[in-house]
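Close look at the chain arrangement
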Amino acid sequence: MKKIMVGNHAVSWGVMLARAEVVSAYPITPQTTIVEELSVLCADGRLKARFIPVESEHSAMACCIGSSAAGVRTFTATSSQGLALMHEMLHWATGARLPIVMANVNRALGSPFNIWGEQSDSLAQRDTGWLQIYCESNQEVLDTVLQSFKIAERVLLPVMLVLDAFILSHTAEPVDIPDHQLADEFLPPYRPDLRLNSKDPHIFACLAPPEYLMEFRYKIQQSMLQSKEVCRRVDEEFGKAFGRKYGLVEPYRCEGADLILVTAGSVTSTARVAVDALREKGRKVGLAKLRLFRPFPKEELLEITRGADKIAVLDRNFSAGIGGIFAHEIRAAFCNEKSHPPVYSYITGLGGRDTTLQNLNEVIYQTYERPRPEEQSVWVGLRS
Amino acid sequence: MSKQIPLLREGEMPYQPISLGSMEWNKTGSWRYLRPRFENKIPPCNEGCPAGQDIEGALVLIGKGKYLEAWDLFKEENPFPGVCGRVCYHPCESSCNRGDFDEPLSINALERFMADMASKHRRKPPLKKREKRPEKVAVIGSGPAGLTCAYHLVRLGYGVTVFEALPVLGGMLRVGIPEYRLPKKVLGQEIDQILELGVKVEVNARLGNGLSLEDLKEYQAVFLALGNHKSRSLGISGEEAEGIMSGVEFLKDVNLGKKVELGKRVAVIGGGNTAVDAARAALRLGAKPLILYRRTREEMPAFASEVHEAEEEGIEISLLTSPVKVISQNGRAAQLECVKNRLGPPDEDGRRRPVEIKGSNCTIEVDQVISAIGEEADLSCLSKQVGIRDNTVPTDERGATKQAGVFAGGDIILQPHTVVHAIASGKRAAIFIDSHLRKENWEGLFEALRVGEKGSLSMKRYLQEERERVPLSGKTVLLKDLNLDYFEYQKRLKMPKAKSSRRTTSFEEVNLGFNEETAVEEARRCFNCGVCNLCDNCYIFCPDVAIQKGKEGELNIFDYDHCKGCGICMEECPRDVIVMEVEGR
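Residues numbered from 1 in each chain as written. Chains lettered and ligands numbered in written order. Predicted model: local features only at pLDDT ≥ 70, side-chain atom pairs only at ≥ 80, totals over all residues.

Take the interface of chain A and chain B next. If you look at the interface, chain A gives 18 residues, while chain B gives 12 residues. Among the elements that take part in the side of chain A that touches chain B, helix α8 (residues 210–242) of chain A stands out by supplying 5 residues, more than any other. Here the residues of the side of chain A that touches chain B sort into 11 nonpolar, 2 polar and 5 charged. (Contact = placed C-beta atoms within 7 Å. Helix = DSSP H or I, 4+ residues; strand = E, 2+ residues; numbered from the N terminus. Nonpolar A, V, L, I, M, F, W, Y, C, P; charged D, E, K, R; others polar.)

Put into structure tokens, the structure is as follows:
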């Protein structure tokens, strides 16, 4: 069944299809309508979940940690300042190995106050041990919710799926709603071995002295590394069940390309149009859509870009002093390779500013013209 | 050599940081350094009642519709709830914490309500009694002090005889208070209940009139409660004329049903309750009374409500007016010469003294003058052994006089001249006559029996075995001790009154009493200061689920195995019932 729906409702419907049992969240623009729709679905019985209203995002995540520890499929959603407020609890969820799924609607962090799209909020949580998946369309958003629960529950790590403010969250697109029975077959109920049980009390997330903490951290690292393979397999399974799959990094017209653009999120769609136009003109431009950010799909990206002369990375985010975070990650991932294309870094579309076709063409021509990447990221569309 | 602790390898560890063993052994209460405990405290109304009645306890019962049980509780301490519910000046209400919040509880009206319900149901109080004892006690005077003492002494096992000078029992309750404030039927019922316990009485037996303390040798103890029945004289010229009588005499005649001829114009001199009672009684006999008082309304010692009711009934009060001379015609008072006063500096008792305004003399036409400027005791019948000072009988803290075995109470000792203080002194005497006759140590009794810190004693506790007595809290709960977030403003309910037009022509009762619905609603306004009413706030708020429900009607139970001592229960208790104490280690 196809429905026209905004990206936020695609999240909510994905959660309904996943039969989450607890939803606890605090509203924040542009995430609010996810929670609104979920409360409606809970109220009218289409989603049989306990909806727990709380007084802050910190409490929302604490609440999710409690319910997930009790062995219950748990969901929350937030954005920007709300995600920042959760920060402490994000580490806790990972350390306690709780497969919570969260949707984060990318939004700039204040100050200055800004409610529009930017990836800096989710990327600032890079080191919390959450898997991160960036979505391009509303269909991918819904599908990724189902995939996320399956991945999280297999590797026992929390998953954050990310969608752009307004461009996805508040824009309606046709979305194919999977059949509920098929969804149930794809995602069986969550029944963990270890869970809170008053008849058999244990300490959960107990004190780990210096003798033990490193071992627990090592286990997380192992699981995170294994999770890449799990993500790949879950995507395959999803493809078999529903006829759609996304990969970890999606190559687009990369055959024989000398320059490959790297994007994440909804700007990918604009980039597809730019690439198509330049290919028409005979330019050998390709596109790699980075879907998975944690764990980082280094091998996949390396494989796609191996034959290219240059990589141009579009970052809708920035880390002061470093510049574009995706570009920085790619450079770090490739640095020990014998040979890899040089990485050109571009910052674009901060605080919800549109990244236009014109901006993308500018990025591509600049990359062609310059023999070597600038030391610092180049700011596209800056009024200097 | 130190022992090596074998550490698990990474592969042997669980994926979650979780204890491998069960944690059932871990009683998290061991983290606690403060321990909560339920401790009922003293409600200020109970402390404020000189008769030491469990007012808070009775209000709870009324709120549950258990009116008769509430009355039983009062009867433990005081044989006269029907009387007090009508004439007590209710210091309990001025102590009520609601008074500082919105308006105090109508405790007095509720006391009357439960007594009326008991009367309607012909209830006999199931009183606790002790075994019979061989000693006998004589009580002189059958007013509230004497009869209360007799009531408690009989319960304590003594043979008691009450000697009353008048032909009727009740003292000032009978002959001093008019029918419209205290119906004789109500008084009679409560006296009958005392007599039914086995109290003997001898009426027309006046001390000093063929009866002396020496005649009472067969009694091992005596309680003197003669009362103040002598009216002070005006001390002005012409006072001995016909047509002048004392308020005490007038009220006694009216109360005993004698026919009193007053004429129309009646001047009542004085500002106390006797004066107001006399004026209102005169009004009901067809006269047109005028109250003359030498100071202003603020200094009037009569209860404000009585003064208000008198004015409602149309009685005039001439303030700052003193009589100086009675002018007679044919040997009968015809005119009263008066002067006007202004207020001067305060005298010894703090009230401003009236100062005569020179040349302000005027005369008032009168048919009758009633003087009611105060009563005093007539102690001429008592021997020096008892010890008399300033026309009162000095007593120690027990109510014992200088003469061994002779105790005293009521208006003849140095204490406020109110019904409830008389009742309190009677109960106190009963307790200490008992300890005197048993030759027991009495010093510890004040601490063991006190209801708060204002001197009230509990007969209920006295009748309990020492080990049965619940430990007493040293704290009276005040408004600042309550968690006011839990209380809402709610109007005080008042008794309906008979229409003033009807009141002027009959001696029917003025206040008409609560109905059941009003009584329950008013009783439920009670904050239950310092007493657990099982509201379950502690149970609801405990974040560790460390408070368990008690059995039906009993206190909740702290689960000290798991209580962390956070104190939230104490904070959220609306009525200051939970105390936190340092954990013993």
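So, on to unusual backbone geometry. Among all residues save glycine, negative phi is the norm, and among peptide bonds the norm is trans. Residue and element names in this part refer to chain A. In this structure, Pro 30 follows Thr 29 across a cis peptide bond, with omega equal to 5°. Topologically, Pro 30 is positioned in the loop between β2 (22–25) and α2 (32–43). Cis peptide bonds are those with omega within 30 degrees of zero, and the linkage from Gly 110 to Ser 111 qualifies with -5°. Here Ser 111 is to be found in the loop between β5 (101–106) and α5 (120–123).

Moving on, we come to the confidence of the model for chain B. All names here are of chain B. Overall, the prediction assigns chain B a mean pLDDT of 93, with 100% of residues at 70 or greater. When mean pLDDT is taken per element in chain B, helix α7 (residues 144–155) scores highest with 98 and helix α16 (residues 500–503) scores lowest with 82. Model confidence for the complex is summarised by a pTM of 0.71, with the ipTM given as 0.81. (pLDDT = per-residue confidence, 0-100.)

Residue and element names in this part refer to chain A. Pairing is mixed in the open sheet, where 6 strands are placed in the order β9-β11-β10-β13-β14-β15. Each edge of the open sheet carries a strand with a single partner, namely β9 (249–252) and β15 (378–379). Where strand β10 (residues 259–263) meets strand β11 (residues 285–290), 5 bridges bridge the pair, whose relative direction is parallel. The residue of β11 that forms the bridge with Leu 261 is Leu 287. Contacts from helix α11 (residues 325–334) reach β10, β11, β13 (310–315) and β14 (343–347) within the one sheet, and its direction differs from that of β13 by about 140°. (Pairing = 2+ DSSP bridges. Axes fitted to C-alpha atoms, helices over the stretch in contact; angles between N-to-C directions.)

This part covers the pairing of β2 of chain A. All names here are of chain A. Neither face of β2 is exposed, since Val 22 and Ser 24 on one face and Val 23 and Ala 25 on the opposite face are all buried. By the bridge criterion, 4 bridges tie β2 to strand β3 (residues 50–53) in an arrangement that is parallel. If you follow Ala 25 over to β3, its bridge partner there is Pro 53. At this point the chain moves from β2, through α2, to the parallel β3, and the crossover so formed is right-handed. Pairing geometry for β2 and strand β4 (residues 74–78), over 2 bridges, is parallel. The residue of β4 that forms the bridge with Val 22 is Thr 74. (Buried ≥ 20, exposed ≤ 12 C-beta atoms within 10 Å, placed from the backbone. Right-handed = clockwise from strand over helix to strand, strands pointing away.)

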